[in-house]
Each structure stands twice: as C-alpha cells, then as structure tokens.
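Given next are the chains, with one letter for each unit.
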Amino acid sequence: RPSRLQFDPGQTIAYHLRTEISEVIENSAHKDVELPPTVQETDLQLICVGPDNTTVLIAKVDGRDQVSLMKFSANGAVHELDAATRPSDTGKAIGFFDFNLLPLPPGSEQAWSVDLTYGLLPAGKRSVQGKVRRTRSGSNPEFQLKLPTSVEWIGNDQRYVQIRDLVSQYRFNTSKGLIDEASVRCLAGYERPDGRHRYKIRLLLTLVSSGRSVDDPGQVRDLALAGIDAQSALAAGR
C-alpha cells in the first residue's frame, strides 16, 4: 500500500524527541575523541484541526511552550502557516529536528530524489535536494534520507557554521498513516572566538500515542491562531 500521511480532524499525536549533542575534540595523539553528550528531551504534540492535514504543533522551545500551525502534505512535506493561514516556504525547526526530514515516496519507488526545506538552515540555504531510498518494505516500510555532504554559511555573528553528513532514517506505520519512529544524525561545526568546535548530533523521535481526543477541532484552531498572534506581538515587543 502507498505510504501517505493521513490525519483525521480531532486526532492528537504525541511524540517524544531526544537530542544528544557531543563535542568532538582532537587529543594529543591527533585522534578524535567524543565527549559525553548533553541530552535534551522535548515533547511534541500534533492536533489535526482540518480535513487537509492542517495541524497544530505544540512544542517546548528554549524552555517555553510554542504553538505553530502546520500543513502536512501526504508525501511528508510540511509548511508552517501564519496567523492568516498563509503558507510559508518552510516548516518548523525544533532544534535540529524538522518533520521535512521525513519525506515519503510518490508511489512505490525504491529510490528517488526529493527537494525539501530544512528549517534549521538560514534563508537562502533552506532548500536542499536529498536522496532517499527504501531500506525495508512491508506494512511498516523504512526509508533513509541523505542530504548533500555539506551546507555552509556565515551566521548573524559573522562566524562560519557548517552542517554535514546528515542522514535521516524513519519508519512509516501504514495502519496509522504516520511516522512512528525516526532517527537523525549529522555533524555540526561552529566557529567561535576560541577556535572551531565540532559536534555530533543524534536525534531520536518516538511515537508516544495517537488517537482522537479533541471534540471541537475548529476551537483548537482558533486558539492556536490567537496564540500565534500573541507570540508575534511578544517577539515584536508589543
């Protein structure tokens, strides 16, 4: 059967996102040593509020709960909507994670190329082309995405940043119509005043629950839009 995302209005989907960030340093023997990781735990909740996979995303970012309105395409592409429900060019990055890193095949392809946006990257760099292959068939197929070897840019502080060797592996649950497990790994490099630092990034996304628990999706949608307006006002100092 085809792998197509399908959410029902009123459906709630809870995920747990675990992020491990380990600095890699060079020891006296000029060999790379990986330091113990810093671990971040994040709960993500999706609430479908429309018949076309329009979904509210609630996530804790930088210690504060944030609400976003998203539209998921059946092939896994995600676009964030503003308070006027106009789609943006990208999805929503939560740390290093973005649901756009989990594309699904147009049909029964075993390997294909995909154009996607990665919200972590700066404007002008977010559109990238990846290579995807099916690594397992069956009722719960698995896929692997690889992005270009390296994406580099100069940050707002005029310092060099690099994301390289990003690989995303994920499993689609056909009976539920959603991704139920995913892992993403990459290397990140940052130029700092004391030199260049390198980090290994490991992400693990796990489905916690999925079911219908919202009786009035339209009310949730209205509340989400009010929340987005409030966030914009706070960010602008209003």
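Structure: above.
Values in this document were obtained by computation on a predicted structure and should not be read as measured data.

Enquirer: Can you help me understand the overall build of the protein chain in this one?
Expert: If you tally the helices and strands in the protein chain, you get one helix and 13 strands. In terms of C-alpha radius of gyration, the protein chain reaches 19 Å, essentially the compact-globule figure of 18 Å for 238 residues. Oriented by its inertia axes, the alpha-carbon framework of the protein chain measures out at about 60 × 50 × 30 Å. Relative to its full complement of 238 residues, the protein chain shows a buried share of 42%. A fraction of 51% describes how many contacts in the protein chain between residues 6 or more apart in sequence connect residues 24 or more apart. Here the protein chain displays about 12,600 Å² of accessible surface, and carbon together with sulfur accounts for 47% of that area. Charged side chains in the protein chain number 29 positive and 29 negative. The centres of these two groups are separated by 5 Å.

Enquirer: What am I meant to see in unusual backbone geometry here?
Expert: The phi angle of most residues is negative, glycine excepted, and most peptide bonds adopt the trans form. Not every positive phi belongs to a glycine, and Thr85 is a case in point at roughly 60°. Considering the arrangement of structural elements, one finds Thr85 in the loop between strand S6 (78–81) and strand S7 (111–117). Assessed through its relative accessible area of 31%, Thr85 is described here as partly exposed. Unusually for a residue other than glycine, Asp165 sits at a positive phi of about 55°. Looking at where Asp165 falls in the secondary structure, it is placed in strand S11 (residues 160–173).

Enquirer: Would you explain the nonpolar core in this entry?
Expert: When a protein is soluble and globular, its nonpolar side chains tend to lie buried together. Of all hydrophobic cores here, the largest spans 49 residues; its most connected members are Tyr15, Leu44, Phe99, Tyr170 and Leu205. By residue number, the principal contributor to this core is strand S12 (residues 178–192), which donates six residues. The contact partners of Tyr15, leaving out residues within four places of it in the chain, are Thr42, Asp43, Leu44, Leu46, Phe99, Leu178, Ile179, Leu205, Thr206, Leu207 and Val208.

The rules behind each value
Residues numbered from 1 in each chain as written. Predicted model: local features only at pLDDT ≥ 70, side-chain atom pairs only at ≥ 80, totals over all residues. Heavy atoms only, no water. Helix = DSSP H or I, 4+ residues; strand = E, 2+ residues; numbered from the N terminus. Rg over C-alpha atoms; globule rule 2.2 N^0.38 Å. Buried < 20%, exposed > 50% of the residue type's maximum accessible area, 1.4 Å probe, protein only. Contact = heavy atoms within 4.5 Å. Areas by Shrake-Rupley, 256 points an atom, 1.4 Å probe, with all protein chains shown as cover. Lys, Arg positive; Asp, Glu negative; His and termini not counted. Charge placed at Lys NZ, Arg CZ, Asp CG, Glu CD. Core = buried A, V, L, I, M, F, W, Y, C linked by side-chain atoms within 4.5 Å.

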